[in-house]
Amino acid sequence: MPLTNKHLLPESLRSDFPIITNDLVAGRPLVFLDNAASTQRPRQVIELITRVYEHDYANVHRGIHTLSERSTELYEQAREKIAVFLGAAHAREIIFTQGTTGSINLVARSWGETNLRPGDEILTTVMEHHSNLVPWQQVATKTGAILRHVPLTDDGRLDMSAFQKLLSERTKLVAVASVSNTLGTINPVAEIITQAHAVGALVLVDAAQSVPHLATDVVKLDADFLAFSGHKMLGPSGVGVLYGKEQLLDAMPPFLGGGSMINEVRLDGFTPAELPAKFEAGTPPIVPAIAMSAAVDYLQSVGLAAIHRHEMALTQLAYDALSQIEGLRILGPAPEHRAGLISFAFERIHAHEFAQVLNDQFGVAVRAGHHCTQPLHKLLGISASTRASFYLYNRPEEIDRLVEGIRIVQAMFAPQGRRRTRPQ
Ligand code: PMP
């Protein structure tokens with residue numbers, strides 16, 4: 001399908017992103033293709049952060065003075081906005097955490113340590129980020145629960161028939177990424193939730209790579225828990241969200257103890273606060289949480305459907321071009337099963353060296369390494385890969401720069417005789 005402007009977002013939105021338009025790398029405008037690691041922020045988010053620090057900042061839920069009231073109101077309004085954005089029934093189902101990692105650890109420690117017994121099973125997948133593996137390994141060690149992993153099909157999708165076989169009455173929780181941060185695979189989360197619920201298991205969705213890119217409706221999905229990060233959706237780092245069904249969160253003990261999470265403290269004990277305060281001990285990430293509301297406003301003003309269309313057009317373009325490069329192995333499925341990222345590997349060139357030259361000589365920023373999916377890389381028989389990930393401000397010309405850079409860098413690394421120039 002030829003790429004036309006109707007698939008793409010207007011170029012004018014790039015001017016909302018100062019870093020994209022200001023920064024030169026290798027003497028050329030920056031091509032930022034590392035959005036799966038962290039995105040950039042639009043002026044609207046940066047301006048809100050400045051405005052809050054200049055006019056509205058104080059600690060929340062503490063003072064009765066004007067500034068504290070104002071910052072508390074902004075903080076709670078951000079929570080309300082996120083609840084609406086996710087289609088949640090109540091704002092008290094939205095817990096501010098430090099990020100996806102914080103959200104998953106909260107569930108593992110609070111729900112997991114309370115509910116899991118020896119022999120119970122936690123079902124996750126081989127494509128998970130370490131954030132959705134290690135907390136379950138830790139909780140399994142503590143409780144005697146058993147961790148099982150859904151394997152992949154040859155083209156890098158979840159093997160759903162293996163999933164069905166692994167699922168049983170022993171399964172208490174399924175923890176799965178909605179989109180793989182390495183393969184780009186969009187997983188059939190709705191189907192997974194329906195099947196898990198049929199055996200009485202809960203489902204935690206690691207939505208770090210989907211909430212910023214695809215419309216999410218937690219009620220329609222019937223997700224029990226859903227985790228994501230602010231910094232991957234145009235917001236600040238240091239803040240993330242755990243959505244949880246109210247009756248589940250209500251029944252869970254607080255994860256961290258300290259200020260704000262209590263109703264009453266005696267020398268010999270405490271009673272926890274109601275939701276959501278119960279899970280927000282200490283001073284929260286006040287301004288980052290408030291700034292999430294500007295990020296949500298921005299995403300909604302552009303429209304998630306339009307963002308997805310744009311990313312899909314870029315992904316198809318990149319996939320077609322990368323498929324033509326001899327010796328380059330694309331990880332993961334065909335474009336119709338993936339979100340806006342492509343990881344690839346070469347036989348003889350290490351991803352780190354490759355990405356370094358791509359940055360230094362072409363100004364193209366990509367991620368190189370194991371992307372916090374070491375078990376997946378091992379399974380694929382490689383130790384590292386290079387990942388290009390797209391967002392709403394990327395343009396087709398940038399894909400051309402990536403592909404041109406790859407071809408030239410590959411030639412530089414070619415064996416003696418076929419080599420054009422040595423990398424500096
Ligand atoms: N899960 C997935 C799928 C991710 O892509 C990431 C970030 N790379 C995380 C979890 C962890 O997110 P954070 O570092 O923001 O906690």
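Here the structure is a predicted model, which means the values were calculated and not measured.

Cut-offs used in this document
Residues numbered from 1 in each chain as written. Predicted model: local features only at pLDDT ≥ 70, side-chain atom pairs only at ≥ 80, totals over all residues. Heavy atoms only, no water. 1 Å grid on protein atoms, 1.4 Å probe; cavity = no way out; pocket = protein on both sides within 12 Å on 5 of 7 lines; lining within 4 Å. Points joined across faces, edges and corners; volume = space filled by probe spheres on them. Core = buried A, V, L, I, M, F, W, Y, C linked by side-chain atoms within 4.5 Å. Buried < 20%, exposed > 50% of the residue type's maximum accessible area, 1.4 Å probe, protein only. Helix = DSSP H or I, 4+ residues; strand = E, 2+ residues; numbered from the N terminus. Contact = heavy atoms within 4.5 Å. Pairing = 2+ DSSP bridges. Axes fitted to C-alpha atoms, helices over the stretch in contact; angles between N-to-C directions. Near = heavy atom within 4 Å. Polar contact = N/O pair within 3.5 Å; in protein donor to acceptor, adjacent residues only side chain to side chain. Areas by Shrake-Rupley, 256 points an atom, 1.4 Å probe, with all protein chains shown as cover. Sits in = over half its atoms within 2 Å of the grid points. Salt bridge = Lys/Arg side-chain N within 4 Å of Asp/Glu carboxyl O.

*Asks:* Is there a simple way to think about the layout of surface pockets in this case?
*Replies:* The gaps left among the atoms become clear once a water-sized probe is rolled over them. In this structure, the second largest pocket occupies an estimated 290 Å³ of space. Lining the second largest pocket are 24 residues, with Thr100, His129, Ser131, Ala208 and Lys232 sitting closest to its centre.

*Asks:* I would appreciate a short explanation of the nonpolar core in the present structure.
*Replies:* Where a protein is soluble and globular, its nonpolar side chains tend to be buried together. Core analysis: the biggest nonpolar cluster contains 74 residues, and Leu86, Leu226 and Leu392 have the highest contact counts within it. No other element matches helix 10 (residues 286-302), which puts 12 residues into this core. In this view, leucine 392 contacts Leu9, Leu13, Phe17, Leu234, Tyr298, Val302, Ile307, His310 and Glu311; residues no more than four positions away in its chain are not counted. Of all hydrophobic cores here, the second largest spans 33 residues; its members include Ile330, Leu358, Val364 and Ala388.

*Asks:* Help me understand the sheet that holds strand 17 (residues 385-389) in this model?
*Replies:* Sheet strands pair via backbone hydrogen bonds, and the direction of the pair is either parallel or antiparallel. Ordered in space as 13-14-17-16, the four strands form an open sheet in which the pairing is antiparallel. The sheet is open, and its two edges are formed by strand 13 (328-331) and strand 16 (367-369), each paired on a single side. When strand polarity is set aside, the average angle formed by the axes of neighbouring strands in this sheet is 30°. Bridge count for strand 13 against strand 14 (residues 341-346) is four bridges, and the pairing is antiparallel. By the bridge assignment, arginine 329 is partnered in strand 14 with alanine 345. Set on the sheet, helix 11 (residues 304-323) makes contact with strand 13 and strand 14; between it and strand 14 the angle comes to about 15°. Relative to strand 16, helix 12 (residues 351-362) is tilted by about 160°, and along the sheet it contacts strand 14, strand 16 and strand 17.

*Asks:* What am I meant to see in the site of the ligand here?
*Replies:* The environment of the ligand is formed by Gly99, Thr100, Thr101, His129, Ser131, Asn181, Asp206, Ala208, Gln209, Ser229, His231 and Lys232. Within the side chain of aspartate 206, one N or O atom sits 2.5 Å away from a nitrogen atom of the ligand. Contacts to the ligand include glutamine 209, whose side-chain N or O atom sits 2.6 Å from an oxygen atom. Its free accessible area being 400 Å², the ligand has 87% of it covered by the protein chains. The cavity where the ligand resides is the second largest pocket.

*Asks:* What's the story with the sheet that holds strand 5 (residues 121-125) in this structure? I'm lost.
*Replies:* Spatially, the seven strands line up as an open sheet ordered 4-10-9-8-7-5-6, and their pairing is mixed. Across the chains shown, the open sheet's two edge strands, defined by having one partner strand only, are strand 4 (94-97) and strand 6 (146-150). Neighbour-to-neighbour, the strand axes of this sheet turn through a mean angle of 20°, independent of strand direction. In terms of strand pairing, strand 7 (residues 171-177) meets strand 8 (residues 202-206) through five bridges, oriented parallel. Looking at the pairing, alanine 177 lines up with aspartate 206 of strand 8. Strands in contact with helix 3 (residues 66-86) are strand 4, strand 9 (225-229) and strand 10 (240-244); relative to strand 4, the strand with the most contacts, it is inclined by about 120°.

*Asks:* Hey, could you run me through unusual backbone geometry in this one?
*Replies:* Residues apart from glycine generally show negative phi values, whereas peptide bonds are mostly found in trans. Of the consecutive residues leucine 275 and proline 276, the connecting peptide bond is found in the cis state with omega at -5°. One non-glycine residue, alanine 26, lies in positive phi territory at about 55°. Checked against the element boundaries, alanine 26 lands in the loop between strand 1 (24-25) and strand 2 (28-29). Take alanine 26: its relative accessible area is 38%, and that puts it in the partly exposed class. Its identity as a non-glycine residue notwithstanding, serine 260 has a phi of 75°, on the positive side. By relative accessible area, which is 29% here, serine 260 ends up partly exposed.

*Asks:* Honestly, the side chain of asparagine 181 in this entry has me stumped. Any pointers?
*Replies:* If you trace the backbone, asparagine 181 turns up in the loop between strand 7 and helix 7 (189-198). Polar contacts involving the side chain of asparagine 181 include one to the main-chain carbonyl oxygen of histidine 371, which spans 2.9 Å.

*Asks:* Explain the pattern of salt bridges to me, please; I cannot follow it from the model alone.
*Replies:* Opposite charge on two side chains lets them pair, provided their charged atoms get close. Applying the stated criterion across every chain, the model contains 18 salt bridges. One salt bridge in this structure joins glutamate 113 and arginine 109, with 3.6 Å as the shortest N-O distance. A residue pair is termed a helical-turn pair when its members lie 3 or 4 positions apart in one helix, as glutamate 113 and arginine 109 do in helix 4 (residues 100-115) at four residues. The partly exposed category is assigned to arginine 109, whose relative accessible area is 26%. Sharing partners across several salt bridges, the network here consists of Glu11, Arg395 and Glu397.

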